[in-house]
Structures are given as C-alpha cells and as structure tokens.
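A look at the structure
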Amino acid sequence: MYGGDRRRSELARGDILADLCARFPDGVGEAASQRPGRAWAAVGIEALRPVTEFLLGCDPGAYLSTISAVDTGEEFLAIYHFWVAGTELNLKVKLDRKEPAVPSIMDLHPGANFYEREIHDLMGIEVTGRGKLERLVVPDGWPEGHYPLRKDWPGLPGGESA
C-alpha cells in the first residue's frame, strides 16, 4: 500500500468499521462492508467532524474524494467519500428535510470547499461554520430556493416537473 519505508497505519492493520464503531459509539450507527476495500457507515451529524478528523489523521494517505447528496423524498443524505487505509469508506449523514445543514469540514480538508459549494447549489444543503458559499454550478442569476437535484424542484421555466 505504501512505498519505501513508510509504515502502514494502525487503522490499515485492523477493521476500519470496528475501529470507527469502537471510537465513536454514540456517533457511528449502522455500518457494513459488502466486499473488500469498500465500506460505509451511518454517522450522526454531531460526529461528522470528529470522525473526519480521525480518518484524515490516522493514515498518511487518507483523503476526501468527494461529497455527494441524495434526496430520498423523506430526507436528505450527505455522503462523504473517503479513501482510508486501502478502503473506500462512505459516511452517510441523515439531514432534516425542512432545514438540511451540515458542518463544514473545509478547515480539516481544504479540498472540501468545492464539494460543499456543490451540495449547496444543487440540493440547498446549508454548510455551517464557513464563509459565504459562492455559486459553483448554477449561474449567478439562478433564483434562490431553486435546487435542481431536489425531488420537489418545480423544473423547467414552464413549471414542468423534473
């Protein structure tokens, strides 16, 4: 996994999901690994920053590959996609549908900037603890409150459903 004399992290030698559940018993809920190298865990919103800090600090090669969001119709999910210790680990965070918000992790991983702006532009998920979210995907004149990847988005200018 690592070249030269770099040592594998302690996390790489153990079970990443068992370690997360043990370190954050109140913050990490359901977790599974369907096949080697792929895993996911449900993480409470209050545990997102500490879990992120842990993941990025436990392996010198760890990084955030993207943040995505899903509208299930009943709630929103923010999904944080990490590469840690040879495992693609997805953290699923359930959000309130009426006021979806996540804490920023940009201070922990500066690359989160564009991903946080994207989930705000396309899904209307507020990102707290950072400055103003400049437009990234939708044009500057895009109307406030219109988020094109939400299931309840009114759609095209004629009012058609998406």
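Look up: the structure comes first, before these words.
Just so it is clear, the structure is predicted and the values come from calculations on it, not from any experiment.

1. Considering the packing of aromatic side chains
According to the stated counting rule, one finds two aromatic pairs in the structure shown. On the numbers, 5.9 Å between centres and 65° between planes, the contact of Phe24 with Phe54 is edge-to-face. Here Phe24 is found in the loop between helix H2 (16–23) and strand E1 (28–35), whereas its partner Phe54 is found in helix H3 (residues 48–58), with 30 residues between them in sequence. Like Phe24, the residue Phe54 is buried in the burial classification. One Lys or Arg, Lys92, reaches over the ring of Trp40 and ends 4.3 Å from the middle of that ring.

2. Looking at the pairing of strand E5 (residues 87–95)
Note that strand E2 (residues 38–43) and E5 share five bridges and pair parallel. The residue bridging Ala42 from the neighbouring strand is Lys92, located in E5. Of the pairings in the sheet, the one linking strand E4 (residues 76–84) to E5 comprises nine bridges and is antiparallel in character. Along E5, the bridge assignment pairs Trp83 with Glu88. Taking the residues that link successive antiparallel strands as the turn, the E4-E5 hairpin has two residues, and the phi of Ala85 there is positive, at about 50°.

3. Brief notes about the packing of H2 against H3
At their nearest, the axes of H2 and H3 sit 11 Å apart, and the two run at 135° to each other. By the angle class used here, H2 and H3 are oblique. Relative to H3, the crossing made by H2 is right-handed. Residues Asp19, Leu20 and Arg23 of H2 pack against Val51, Phe54 and Leu55 of H3.

4. Overview of the sheet that holds strand E3 (residues 63–71)
Sheet architecture is open: five strands sit in the order E1-E2-E5-E4-E3, paired in mixed fashion. The open sheet has two edge strands with one neighbour each: E1 and E3. Within this sheet the neighbouring strands show an average axis-to-axis angle of 20°, counted without direction. Lying on the sheet, H2 is in contact with E1, E2, E4 and E5; it crosses E1 at an angle near 175°. The sheet contacts of helix H4 (residues 112–123) involve E3 and E4, and relative to E3 the element is tilted by about 5°.

5. Quick look at the pattern of salt bridges
For the structure on display, the rule yields eight salt bridges. Of the charged contacts, one joins Asp121 and Arg135 as a salt bridge, the two residues approaching to 3.4 Å between their closest N and O atoms. Taken together, the residues span a long stretch of sequence, with Asp121 in helix H4 and Arg135 in the segment after strand E7 (126–128) at a distance of 14 residues. The exposure class assigned to Asp121 is buried, which follows from its relative accessible area of 1%. One salt bridge in this structure joins Glu144 and Arg135, with 2.9 Å as the shortest N-O distance. Because the salt bridges share partners, they merge into one network encompassing Asp71, Arg97 and Asp152.

About the thresholds
- Residues numbered from 1 in each chain as written.
- Predicted model: local features only at pLDDT ≥ 70, side-chain atom pairs only at ≥ 80, totals over all residues.
- Heavy atoms only, no water.
- Phe/Tyr/Trp six-rings, centres within 6.5 Å; stacked < 30°, edge-to-face > 60°.
- Helix = DSSP H or I, 4+ residues; strand = E, 2+ residues; numbered from the N terminus.
- Buried < 20%, exposed > 50% of the residue type's maximum accessible area, 1.4 Å probe, protein only.
- Lys NZ or Arg CZ within 6 Å of the ring centre and 35° of its normal.
- Pairing = 2+ DSSP bridges.
- Axes fitted to C-alpha atoms, helices over the stretch in contact; angles between N-to-C directions.
- Parallel < 35°, antiparallel > 145°, perpendicular 65-115°, else oblique.
- Left-handed = near helix turned anticlockwise from the far one by under 90°.
- Contact = heavy atoms within 4.5 Å.
- Salt bridge = Lys/Arg side-chain N within 4 Å of Asp/Glu carboxyl O.

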